[in-house]
Amino acid sequence: MFFASKIRAVAEAAGIEISFPRRLEAVVSKARETKPGLILVDLHNQRIDPVALAREIKSHEDLRGIRLLGFFSHVQTDLKNNAVAAGFDQVIPRSVFARDLEQILTAN
């Protein structure tokens, strides 16, 4: 919840549209509708399997170019390895994500 609030606040301050779909199908639908440059994923998300999300996004020709950035607790390197193997373009520790969030959002 903390990260969603922080992401929303930084995005609004930068004038960036952001949404938080809660199901895999909703993520795919929203991605097709808006063609975002970046999808942020908390690799600890309990509602959407991040590995399944990456595989689904990267399996569609029209969505494959969307960058996927995952963030995780630095002690759970298995999450990082699984995310990279599934197709995430970048996987960073939560601390780096929190520190660099504004730059991450405005660079896209």
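Residues numbered from 1 in each chain as written. Predicted model: local features only at pLDDT ≥ 70, side-chain atom pairs only at ≥ 80, totals over all residues. Heavy atoms only, no water.

*Asks:* Would you explain the overall build of the protein chain in this entry?
*Replies:* The helix and strand inventory of the protein chain stands at five helices and three strands. Mapped from its N terminus to its C terminus, the protein chain presents α and β elements in the order α-α-β-α-β-α-β-α. If one aligns the C-alpha atoms of the protein chain with their principal axes, the spans along those axes are about 35 × 30 × 25 Å. A burial count over the protein chain gives 33% of its 108 residues as buried. Looking at the protein chain as shown, the accessible area adds up to about 6500 Å², and 49% of this sits on carbon and sulfur atoms. A gap of 2 Å separates the mean positions of the 15 positive and 13 negative side-chain charges of the protein chain. (Helix = DSSP H or I, 4+ residues; strand = E, 2+ residues; numbered from the N terminus. Buried < 20%, exposed > 50% of the residue type's maximum accessible area, 1.4 Å probe, protein only. Areas by Shrake-Rupley, 256 points an atom, 1.4 Å probe, with all protein chains shown as cover. Lys, Arg positive; Asp, Glu negative; His and termini not counted. Charge placed at Lys NZ, Arg CZ, Asp CG, Glu CD.)

*Asks:* Would you explain unusual backbone geometry in this entry?
*Replies:* Positive phi values are uncommon outside glycine, yet Lys35 reaches one of about 45 degrees. With a relative accessible area of 45%, Lys35 lands in the partly exposed category.

*Asks:* I'm lost on the sheet that holds strand E1 (residues 38-42) in this one. Help?
*Replies:* Strand pairing in a sheet relies on backbone hydrogen bonds. The paired strands run either parallel or antiparallel. Sheet architecture is open: three strands sit in the order E1-E2-E3, paired in parallel fashion. Two strands in the sheet have a free side with no partner beyond their single neighbour: E1 and strand E3 (90-93). Neighbour-to-neighbour, the strand axes of this sheet turn through a mean angle of 20 degrees, independent of strand direction. Examined bridge by bridge, E1 and strand E2 (residues 67-72) share five bridges and lie parallel to one another. Of the residues in E2, the one forming a bridge with Val41 is Gly70. (Pairing = 2+ DSSP bridges. Axes fitted to C-alpha atoms, helices over the stretch in contact; angles between N-to-C directions.)

*Asks:* So what exactly am I meant to see when it comes to the nonpolar core here?
*Replies:* A general feature of soluble globular proteins is that nonpolar side chains tend to end up buried together. One finds Ile39, Leu43, Leu53, Ile57, Leu68 and Phe88 to be the most contacted residues of the largest nonpolar core, which totals 19 residues. Mapped by element, the contributors of at least two residues to this core are helix H2 (24-34), E1, helix H3 (50-59), E2 and helix H4 (77-86). With four residues, the single largest contributor to this core is H3. Excluding anything up to four places from it in sequence, Ile57 contacts Val27, Val28, Ala31, Ile39, Leu63, Arg64 and Leu68. Counting residues in hydrophobic clusters, the runner-up holds twelve residues, among them Val10, Ala11, Leu38 and Ile104. (Core = buried A, V, L, I, M, F, W, Y, C linked by side-chain atoms within 4.5 Å. Contact = heavy atoms within 4.5 Å.)

*Asks:* How do you make sense of the layout of surface pockets when you look at a structure like this?
*Replies:* A probe matching the size of a water molecule, rolled over the atoms, marks out where space remains unfilled. Approximately 1200 Å³ is the volume attributed to the largest pocket. Forming the boundary of the largest pocket are 36 residues, of which Ile18, Ser19, Phe20, Pro21 and Leu40 lie nearest the centre. Elements with a contribution of two residues or more to the lining of the largest pocket: helix H1 (2-14), H2, E1, H3 and helix H5 (94-106). (1 Å grid on protein atoms, 1.4 Å probe; cavity = no way out; pocket = protein on both sides within 12 Å on 5 of 7 lines; lining within 4 Å. Points joined across faces, edges and corners; volume = space filled by probe spheres on them.)

*Asks:* Can you walk me through the environment of Ser59 in this structure?
*Replies:* Within the fold, Ser59 resides in helix H3. Residue Ser59 is classed as partly exposed on the basis of its relative accessible area of 45%. Taking the C-alpha atoms as reference points, Ser59 and Gly87, separated by 28 residues in sequence, lie 9.5 Å from one another. Among the polar contacts made by the side chain of Ser59, one reaches the main-chain carbonyl oxygen of Glu56 at a distance of 2.8 Å. (Polar contact = N/O pair within 3.5 Å; in protein donor to acceptor, adjacent residues only side chain to side chain.)

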